[in-house]
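The lines below spell out each chain.
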Amino acid sequence: MKVLKFGGTSVANPENTHKVKSIVASIKADQTAVVVSAFGGVTDLLLNTSDLAANQDLAYKNKFQDIEKRHIAVIKELIPVQKQSSILSQVKSDLNILETLLEGSFLIGELTPKLSDKIVSYGELLSSFIISEYFKAEGLDAALKDSRELIITDNNFGKANVNFKVTNQNCTIYFKEASHKITVLPGFVASSQLGDSTTLGRGGSDYTAAIVAAAQDAEVLEIWTDVSGMFTANPKLVKQAKCVEHISYEEAMELSHFGAKVLYPPTIEPVLNKEIPIVIKNTFAPEDSGTQITKSTNGNGKTVRGISHVGGISLLSLEGPGMIGIPGISKRFFETLSLENISVVLITQASSEHSICVGISDEDVEKAISAVNEAFEYEISTNKIQPVIVEKDLAIIALVGDNMKSHQGLSGKMFSTLGKNNVNIRAIAQGASERNISAVIKKADVKKALNSLHERFFEENIKQLNLFVMGVGNVGSRFLAQIQQQNKYLREELKLNIRVIGIANSRTMAFDEDGIALENWQKALSNGQKADKQAFFNTIKEFNYRNSVFVDNTASGEVAQSYPDYLKNSISVVTCNKIACSSDYDYYKDLKQLAKKYGAPFLFETNVGAGLPIIDTLKHLIASGDKVNKIQAVLSGSLNFVFNNFDDSVTFHDVVKQAQEEGYTEPDPTIDLSGIDVMRKILILARESGNALDIDHIENESFLPKESLETASNEAFFESLKKYESDFQKMYKEATDTNSKLKYVAQFEDGKAKVGLQQIPKGHDFYNLEGSDNIVLFFTERYPSQPLIIKGAGAGAEVTASGIFADIIRIGNF
């Protein structure tokens, strides 16, 4: 015998029910029991309708009409016209009884658990009757059997307890005498010994199928639903979740208890002792293998088999000095909750006995608070115990696997992964079997936690980075192009999956939760919303993605001031904007400390030398114990480009204009030519060397006329350059007369820094520096006379973008 159960989505509409019929018709077995749920959404509709009736709201009548229309419409679509009459008559008769029950609830203004069970049972009673008649009409050898005649329970309405002895006898007698090949049974419903309708709890249709399977020693129990088995995590929240082909009963029980809704938790219990395999199958993809659940499995060497969660949890804490060493406190606490019929889903207690913490359903919170405070009224009044403390809006996440007990360090991996992603853990529980490690977290962090843990334990070490890019001009657009170009390489070689979730310029911003298609990012941005820096941050925070990275490609001081907000939320910051690291020393120091405190990297390699590994090299020198004595550098690719191209055959104005047009200068060229940009760079290097320095400590020997420095616009600035062309030509002549070249040099030594234009003689390391190249000489204790030299292109959108890209990869390797 085989037992098949079809859930609400499988019979949600006539089209789906056709699929169910095809599956049932293909089953090869002497006998087949088909357990069906109510048509999709009908159970909720019945509950809602009964609540309205009990509240004496006449709107219940409209809801009832919806129920009636739904079932009649299904009959008219499934059943041939010539066979509809008797079926419609029976269904209308049942609906009349249902209407009478609802009217009674309306008149007395009450809905007892007993009446509720009677009302809600009509979902399965009606669906099973209609489906059985449809099977017959399609030529299947089928008959209907009311589960209430087989499954006998106590009077615990809403979630009745099964009398297995009587139930098993009833099933054995019926199926022994059954003459039809297929028996259709309503799931979820049963009856008390007095004949009153009872229900087995939400999701109880699975339980019905398991009860019948166990009673008949079935060959297999097949649960048909809308997904292809049990997944490593909820596929609606974790897109990379994979189907688990084979798991044990215990693993399935743990996963279903903690929110894996494919299976109702009590389902496993009846079939476990008889070792009847359960197979989870997909009604809409019947060819998929699904998940097989059996007594044991080797797990293919996997330690963690699944990650599950259950929401709607509140933590209830009882604590106080009066609990220490006093026997019976725990007993009274749990007894109080038990008497109120409150289920405890998680327990944790401090070894000091100072506190007990339990997880309960949100809907039981108020009842629990009242009951516990009343039970411990004396201890609370004498300050031995505090009034019960409640934390709401929480969820439980759990790692599950039979083999977890034989592997060390899983808890550490779990908690460190959550910590790195700013997921705060409120409580922890782990059973002695070590089959389950559970943690209570904020409900808002569930998606991020599940994805982080899934990435850690299931995704072949592929790490996903979620980028939010502000600034998509010269540098930003090239950065996006480089990510697009290297995406496949990053996945295959570096095990990095980089997604751009948000982009913004000064006018608009756009987001896509699944990642912006980089080949069409301009279109996405043009269709975006009005740019707002605070809204950009708020959206990132609301998404709450793991491994989030804010990329600042602007030169905005306002944006630079927002970095603490990102770091405090464990959002990494990568920036080519020099303002933050060259502002007040205290602010720079605070950013570095925030990055450490919240485990969010703050990287700014492109602040000095664009894509050259200058800062990274300096960090490694310091980390390895070396000490920097002196730094000499040409740090402005812009100024180097200008002075390498300026001579007596071209005007200074034209060379600067060319530099701006080719992207070698900032949008405001005075930032480069005034020397402020170089001052910021040498300041950053001095600070990264371990020196507390501010920008006003740096001497700037400017070569620009005062008038040029004080211009209010780019137009005025370029006009001033024309005015002072003779001064610039004089500087050039003085250098060539001594066989020297003009270079804008930065120097740091003995705690002092200065920048200025210098005549560099032939033979000096700076003399042959071409184009927009940068060069840095590090004189250290290990490199006292022959400095460590870093040289290369130090300006330009392409190399700056590559430097930002390199910082992103560094974060991926953390």
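Residues numbered from 1 in each chain as written. Predicted model: local features only at pLDDT ≥ 70, side-chain atom pairs only at ≥ 80, totals over all residues. Heavy atoms only, no water.

**Considerations on the overall build of the protein chain**
Within the protein chain, the regular secondary structure consists of 30 helices and 30 strands. Against the 2.2 N^0.38 benchmark of 28 Å for 814 residues, the protein chain shows a C-alpha radius of gyration of 36 Å, more extended than a compact globule. Each principal axis of the C-alpha atoms in the protein chain carries an extent, and together these give about 115 × 70 × 55 Å. Put simply, the protein chain has 814 residues, and 54% of those count as buried. Partitioning the intrachain contacts of the protein chain with sequence separation of at least 6 by distance along the chain shows that 72% fall at a separation of at least 24. Accessible area of the protein chain: about 35100 Å², with a carbon and sulfur share of 47%. Charge centroids of the protein chain, computed over 84 positive and 101 negative side chains, lie 3 Å from each other. (Helix = DSSP H or I, 4+ residues; strand = E, 2+ residues; numbered from the N terminus. Rg over C-alpha atoms; globule rule 2.2 N^0.38 Å. Buried < 20%, exposed > 50% of the residue type's maximum accessible area, 1.4 Å probe, protein only. Contact = heavy atoms within 4.5 Å. Areas by Shrake-Rupley, 256 points an atom, 1.4 Å probe, with all protein chains shown as cover. Lys, Arg positive; Asp, Glu negative; His and termini not counted. Charge placed at Lys NZ, Arg CZ, Asp CG, Glu CD.)

**Side note on unusual backbone geometry**
A positive phi is found at Gln-56, a non-glycine position, where the angle reads about 55°. Checked against the element boundaries, Gln-56 lands in the loop between helix H2 (42-54) and helix H3 (60-78). Judged by its relative accessible area of 46%, Gln-56 is partly exposed.

**A short note on the packing of helix H5 (residues 113-120) against helix H6 (residues 122-137)**
Interaxial distance between H5 and H6 falls to 5 Å at its minimum, and their mutual angle equals 20°. With respect to each other, H5 and H6 are oriented roughly parallel. Within the contact between the two elements, H5 uses Lys-118, Ile-119 and Val-120 and H6 uses Tyr-122, Gly-123 and Glu-124. In terms of residue class, the contact of H5 with H6 is built from 3 nonpolar, 1 polar and 2 charged. (Axes fitted to C-alpha atoms, helices over the stretch in contact; angles between N-to-C directions. Parallel < 35°, antiparallel > 145°, perpendicular 65-115°, else oblique. Nonpolar A, V, L, I, M, F, W, Y, C, P; charged D, E, K, R; others polar.)

**Some details on the pattern of salt bridges**
Close approach of charged atoms lets side chains of opposite charge pair. Taken as a whole, this structure holds 29 salt bridges when the rule is applied. Between Lys-136 and Glu-133 there is a salt bridge whose closest N-O contact spans 3.1 Å. Within this pair, Lys-136 and its partner Glu-133 are both found in helix H6, separated by 3 residues, close to a single helical turn. The salt bridge partner of Glu-798 is Arg-478, with a shortest N-O separation of 3.5 Å. Note that Glu-798 is positioned in helix H30 (residues 797-812) and Arg-478 in helix H16 (residues 474-493), a separation of 320 residues in sequence. A cluster of three or more residues bridged by salt bridges with shared partners is formed by Glu-605, Asp-616, Asp-807 and Arg-810. (Salt bridge = Lys/Arg side-chain N within 4 Å of Asp/Glu carboxyl O.)

**A few points about the environment of His-764**
Take His-764: it is sitting in the loop between strand S28 (752-761) and strand S29 (773-780). Spatially, the C-alpha atom of His-764 lies 22 Å from that of Met-679, the residues being 85 residues apart in sequence.

**Section: the sheet that holds strand S10 (residues 278-282)**
The sheet built from 8 strands is open, its strands ordered S3-S5-S2-S1-S8-S10-S11-S9 with mixed pairing. Pairing within the sheet leaves two strands with one partner each, and these edge strands are strand S3 (142-144) and strand S9 (246-248). Between one strand axis and the next, the sheet turns through 20° on average, direction left out of account. Two elements, strand S2 (residues 32-36) and strand S5 (residues 182-186), share 5 bridges in a ladder whose sense is parallel. Across the sheet, Ala-33 pairs through a bridge with Thr-183, a residue of S5. Along the sheet face, helix H1 (residues 14-26) touches strand S1 (2-6), S2, S5 and strand S8 (220-225) and points at about 175° away from the line of S1. Running over the sheet, helix H8 (residues 204-215) touches S1, S2, S5 and S8 and is turned about 175° from S1. (Pairing = 2+ DSSP bridges.)

**Side note on the side chain of Thr-508**
Inspection of the secondary structure puts Thr-508 in strand S20 (residues 508-511). A distance of 3.2 Å separates a polar atom in the side chain of Thr-508 from the backbone oxygen of Leu-525. Not counting the four nearest positions on each side in its chain, Thr-508 is found in contact with Ile-503, Leu-525, Gln-529, Lys-530 and Ala-531. (Polar contact = N/O pair within 3.5 Å; in protein donor to acceptor, adjacent residues only side chain to side chain.)

**Topic: the state of the cysteines**
Under the defined criterion, the tally for this structure stands at 0 disulfides. For the unlinked cysteine Cys-576, the closest cysteine sulfur is that of Cys-581, found at 11 Å. (Disulfide = S-S within 2.5 Å.)

**Concerning helix H22 (residues 614-623)**
Buried residues of H22: Ile-614, Ile-615, Leu-618 and Leu-621, and no others. Buried residues along H22 cover an arc of 120° about the axis, so they all sit on one side. Every exposed residue of H22 that faces more than 90 degrees away from the buried side is listed here: His-620 and Ala-623. Packing partners of the buried residues in H22 comprise strand S25 (628-634), helix H26 (676-688), S29 and strand S30 (788-793). (Arc of directions from axis to C-beta.)

**A closer look at the sheet that holds S20**
Pairing is mixed in the open sheet, where 7 strands are placed in the order S21-S20-S19-S18-S22-S23-S24. Each end of this open sheet is capped by a strand with a single partner; those strands are strand S21 (529-530) and strand S24 (602-603). Two elements, strand S18 (residues 463-470) and strand S19 (residues 496-504), share 8 bridges in a ladder whose sense is parallel. Across the sheet, Leu-467 pairs through a bridge with Val-500, a residue of S19.

**Let's talk about the packing of aromatic side chains**
With the rule as written, the count across this model stands at 26 aromatic pairs. When the ring of Phe-511 is compared with that of Phe-536, the centres are 5.2 Å apart and the planes differ by 40°; the resulting orientation is tilted. Of this pair, Phe-511 sits in strand S20 while Phe-536 sits in helix H18 (residues 533-543); the two residues are 25 residues apart in sequence, bridging distant segments of the chain. Aromatic side chains Phe-550 and Tyr-566 sit 4.0 Å apart centroid to centroid with 5° between the ring planes, which places their arrangement in the stacked category. With Phe-550 in strand S22 (residues 548-552) and Tyr-566 in helix H20 (residues 563-568), the pair connects residues that are 16 residues apart, well separated along the chain. Side by side, Phe-550 and Tyr-566 carry an identical accessibility label, which is buried. Through pairs of rings, three or more aromatic residues link up here, namely Phe-468, Phe-511, Phe-536, Phe-537, Phe-543, Tyr-545, Phe-550, Tyr-563, Tyr-566, Phe-602 and Phe-604. In this arrangement the basic side chain of Lys-619 is found over the ring face of Phe-604, its NZ or CZ atom lying 5.4 Å from the centre. Above the ring of Phe-718, the side-chain terminus of Lys-657 is found at 4.4 Å from the ring centroid. (Phe/Tyr/Trp six-rings, centres within 6.5 Å; stacked < 30°, edge-to-face > 60°. Lys NZ or Arg CZ within 6 Å of the ring centre and 35° of its normal.)

**Concerning helix H23 (residues 637-645)**
With 7 of 9 residues buried, H23 lies mostly within the body of the structure. Within the span of H23, buried status applies to Gly-637, Ser-638, Leu-639, Asn-640, Phe-641, Val-642 and Phe-643.

**Quick notes on the packing of helix H24 (residues 652-661) against helix H28 (residues 714-723)**
At a minimum axis distance of 8 Å, the contact between H24 and H28 shows a crossing angle of 145°. Of the residues in H28, those in contact with Phe-652, His-653, Val-656, Lys-657 and Gln-660 of H24 are Asn-714, Phe-717, Phe-718, Leu-721 and Lys-722.

**Side note on the pairing of S19**
Counting buried positions along S19 yields 9 of 9 residues, so the element is predominantly enclosed. Between the parallel pair S18 and S19, the chain is carried across by H16, and the sense of this crossover is right-handed. With 3 bridges joining them, S19 and S20 adopt antiparallel strand pairing. From the neighbouring strand, Ala-504 faces S20, where its bridge partner is Met-509. (Right-handed = clockwise from strand over helix to strand, strands pointing away.)

**What about the side chain of Asp-552?**
Position of Asp-552 among the secondary structure elements: in strand S22. It is Lys-533 that comes nearest to the buried, bridge-free Asp-552 among opposite-charge side chains, at 9.1 Å. Reaching out from Asp-552, the side chain makes a polar contact with the side chain of Asn-577 at a distance of 3.1 Å. Sequence-distant contacts of Asp-552, that is, excluding residues within four places in its chain, are made with Met-470, Val-559, Ala-560, Tyr-563, Val-574, Thr-575, Cys-576 and Asn-577.

**A word on a negative patch on the surface**
Together, Asp-584, Asp-586, Asp-590 and Asp-696 line one region of the surface with negative charge. Within the element layout of this structure, Asp-584 appears in the loop between strand S23 (572-575) and helix H21 (585-597). (Patch = residues over 30% accessible without salt bridge, like charges linked within 9 Å, V, L, I, M, F, W, Y side chains within 5 Å.)

These figures come from the coordinates and say nothing about function on their own.
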